[in-house]
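# What the coordinates show
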Amino acid sequence: NYEDAIPAECMAIVRIPSTPDDDSSAKTMLNLFVGDNRIVANGLDTSAPLYIFETPDGAISLCAKVSFSDDINDVLSSLHKEGKASEVKERKDISYTLVNHNFLIAFNDNAMLCTGPVLPSSLQQQLSRLSRYLEMNPDRGAGNGDMLPRLSDDGATPSLIAKVSALPKQFIAPFLLGTPTGTSSSDVLLHA
C-alpha cells in the first residue's frame, strides 16, 4: 500500500483527490514540488489520491502512487537532459534525483515521495529518510497512526487532518478552549 510510505509520526496530512478524468489537482501539486507535471501523465496512478504530509521536524513532502516506475524514470531522465534535474541514481531498491537543485524525488515500483527544499549538506540525510519511508513498513506507516484512518475520503474534496501543535503558536490557543486541563496541543486533532 503506497500510503505506508507516509510515516505514522506525521504532524499533518492533506489528502488531494485525483481521477483519471480530472488530474488537475495532481498536476498543480507536482508543479509546486517539481516545477514540471509530466510525471502525472507518465507513471503516476491518477486514480489514487496524492498526499502531502509534514513530519515532526517540519519537512513537507508529497506522496503519490506509482503505476509505471519506468515511465517516471524516463521523465526524470529527460529533465536531466534539459538541465532541470540531476542524473537519476539508484540506492538499494529506490531511484532518486534532485530536481531544480531543491527538490528530492525518490521512488520505487509502488510509491513516489518528493520533499524540499533540500540543501546539498542534508541531501544524504533526506535520502536516507525517504529510503526508510519507501520500505513501506505497515507498522511504521500512517495507516498504523492515529491520523490517516480518520482522514475523510469524501470524493472530490481535499481534506486535512493535523495535530494542533503543527499550527503556528498564535493559532493553537483557540483550538484548546474547552479541553481538559493539561491537554497537550499534540493530542488535539484538527480535521477539515
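Residues numbered from 1 in each chain as written. Predicted model: local features only at pLDDT ≥ 70, side-chain atom pairs only at ≥ 80, totals over all residues. Heavy atoms only, no water.

As a further point, take helix H4 (residues 123-133). Where H4 is concerned, the buried positions are Leu123, Gln126, Leu127, Arg129, Leu130, Ser131 and Tyr133. Buried residues belonging to H4 abut strand S2 (50-54), strand S4 (89-91), strand S5 (94-99), strand S6 (103-107) and strand S7 (111-115). (Buried < 20%, exposed > 50% of the residue type's maximum accessible area, 1.4 Å probe, protein only. Helix = DSSP H or I, 4+ residues; strand = E, 2+ residues; numbered from the N terminus. Contact = heavy atoms within 4.5 Å.)

There is a patch of like negative charges on the surface, built from Asp70, Asp71, Asp74, Glu90, Asp93 and Asp109. With respect to the helices and strands, aspartate 70 occurs in helix H3 (residues 69-81). On the basis of relative accessible area, aspartate 70 is assigned to the exposed category, the value being 58%. (Patch = residues over 30% accessible without salt bridge, like charges linked within 9 Å, V, L, I, M, F, W, Y side chains within 5 Å. Areas by Shrake-Rupley, 256 points an atom, 1.4 Å probe, with all protein chains shown as cover. Salt bridge = Lys/Arg side-chain N within 4 Å of Asp/Glu carboxyl O. Lys, Arg positive; Asp, Glu negative; His and termini not counted. Charge placed at Lys NZ, Arg CZ, Asp CG, Glu CD.)

Taking strand neighbours across the sheet as the criterion, the nine strands line up as S4-S5-S6-S7-S3-S2-S1-S8-S9 in an open arrangement whose pairing is antiparallel. With partners counted over all chains shown, the strands left at the sheet margins are S4 and strand S9 (189-191), one partner each. For this sheet, the mean inter-axis angle between neighbouring strands, taken without regard to orientation, is 20°. For strand S1 (residues 12-16) and strand S8 (residues 159-163), the ladder comprises four bridges, and the chain directions are antiparallel. Residue arginine 15 lies in a different strand from S8, and its bridge partner there is serine 159. Each of S2, S4, S5, S6 and S7 touches H4; the most contacted strand, S6, lies at about 30° to it. (Pairing = 2+ DSSP bridges. Axes fitted to C-alpha atoms, helices over the stretch in contact; angles between N-to-C directions.)

What follows covers the packing of aromatic side chains. Summed over all chains, the structure comprises two aromatic pairs. Ring centres of tyrosine 2 and tyrosine 51 lie 6.1 Å apart, and the angle between their planes is 50°; on these two criteria the pair is classed as tilted. You can see tyrosine 2 sitting in the segment before S1 and its partner tyrosine 51 sitting in strand S2, a full 49 residues away along the chain. In this structure, tyrosine 2 and tyrosine 51 share a single accessibility class: buried. Ring plane angle 70° and centroid distance 6.3 Å describe the contact between phenylalanine 53 and tyrosine 133, whose orientation is recorded as edge-to-face. (Phe/Tyr/Trp six-rings, centres within 6.5 Å; stacked < 30°, edge-to-face > 60°.)

Before going further, it helps to examine the pairing of S1. Among the five residues in S1, four count as buried, and that is most of the element. Bridge count between S1 and S2: five bridges; the pairing is antiparallel. Bridge pairing in S2 places isoleucine 16 opposite leucine 50.

It is worth spelling out the nonpolar core at this point. Proteins that are soluble and globular tend to have nonpolar side chains buried together. Counting 28 residues, the largest nonpolar core has Ile6, Ile13, Tyr51, Phe53, Cys63, Leu104 and Leu113 as the members making the most contacts within it. Broken down by secondary-structure element, the contributors of at least two residues to this core are S2, S5, S6, S7 and H4. At four residues, the largest contribution of residues to this core is made by H4. Once residues within four sequence positions are removed from consideration, leucine 113 is found in contact with Ala5, Phe53, Leu62, Cys63, Leu104, Ile105, Ala106, Leu130, Tyr133 and Leu134. Of all hydrophobic cores here, the second largest spans 26 residues; its members include Val40, Leu44, Phe103 and Cys114. (Core = buried A, V, L, I, M, F, W, Y, C linked by side-chain atoms within 4.5 Å.)

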